[in-house]
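Listed below are the residues making up each chain.
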Amino acid sequence: MSYRNLVILTKIILIYSIFYIVMKTVIIFGGAWLWPNLLLMLPYLILGIIAAIQVKREAYSWWLMGIGAAVIILTRVYETSFSIWVQQQVIS
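As the structure is a computational prediction, the values presented were derived from the model and not from experiment. (Residues numbered from 1 in each chain as written. Predicted model: local features only at pLDDT ≥ 70, side-chain atom pairs only at ≥ 80, totals over all residues. Heavy atoms only, no water.)

A. Seen up close, the nonpolar core. Core analysis: the largest hydrophobic core is formed by 16 residues, its most contacted members being Tyr44, Leu47, Leu64 and Met65. Breaking this core down by element, the ones donating at least two residues are helix 1 (3-29), helix 2 (34-57) and helix 3 (62-91). In terms of residue count, the dominant contributor to this core is helix 1 (7 residues). For Leu64, the contacting residues outside a window of four places in its chain are Thr10, Ile13, Leu47, Ile50, Ala51 and Gln54. (Core = buried A, V, L, I, M, F, W, Y, C linked by side-chain atoms within 4.5 Å. Buried < 20%, exposed > 50% of the residue type's maximum accessible area, 1.4 Å probe, protein only. Helix = DSSP H or I, 4+ residues; strand = E, 2+ residues; numbered from the N terminus. Contact = heavy atoms within 4.5 Å.)

B. Expanded view of the pattern of salt bridges. Counting across every chain of the model gives 2 salt bridges. Notably, a salt bridge pairs Glu79 with Lys24, separated by 2.6 Å at the nearest N-O pair. Highlighted residues: Glu79 in helix 3 and Lys24 in helix 1, separated in sequence by 55 residues. Its relative accessible area of 11% is what places Glu79 among the buried residues. Judged by relative accessible area, Lys24 falls into the buried class, the value being 5%. Among the salt bridges present, the one from Arg76 reaches Glu79, with a minimum N-O distance of 2.8 Å. Of the two residues, Arg76 and Glu79 both sit in helix 3, 3 residues apart, roughly one turn of that helix. Linked through salt bridges whose partners overlap, the residues forming this network are Lys24, Arg76 and Glu79. (Salt bridge = Lys/Arg side-chain N within 4 Å of Asp/Glu carboxyl O.)

C. Expanded view of helix 2. Taking 1.5 Å per residue as the helical rise, helix 2 with its 24 residues ought to reach 34 Å, and the 34 Å between its terminal C-alpha atoms agrees with that figure. The axis of helix 2 is deflected most strongly, by about 25 degrees, at Leu42, and proline Pro43 appears within four residues downstream. For helix 2, the secondary structure elements touched by its buried residues are helix 1 and helix 3. Taken from the residues just after helix 2, Glu58 is the one with a positive phi, measuring 55 degrees. (Expected span 1.5 Å × (residues − 1). Bend = angle between axes of the 7 residues up to and from the residue.)

D. How the structure looks around the packing of aromatic side chains. In total, this model carries 4 aromatic pairs according to the counting rule given. Both rings, one in Tyr3 and one in Tyr60, keep their centres 5.9 Å apart while their planes meet at 70 degrees; by these two values the pair is edge-to-face. Taken together, the residues span a long stretch of sequence, with Tyr3 in helix 1 and Tyr60 in the loop between helix 2 and helix 3 at a distance of 57 residues. Residue Tyr60 is classed as buried on the basis of its relative accessible area, which comes to 15%. Through successive ring pairs, a cluster of aromatic residues spans Tyr16, Tyr20 and Tyr44. (Phe/Tyr/Trp six-rings, centres within 6.5 Å; stacked < 30°, edge-to-face > 60°.)

Shown next, in the form of structure tokens:
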């Protein structure tokens, strides 16, 4: 893949991270469970900060693409079961 694709994918990960954090914040203020949603926001916060630094410095790397794709896929696949498990642990 080309360098241009790397730049585009980094910006997509940055925008997706910002969107996910905003979405979870709105959901929390809407009355959803606090701890599961905060824990789900944490990897996106870290990923978004790293992506923002790379975009600002214009120094992109492929490892962010791999980690970003893994975080996005794993979060979306296990989000519901993770939220329920965390909430059950908080209640107990």
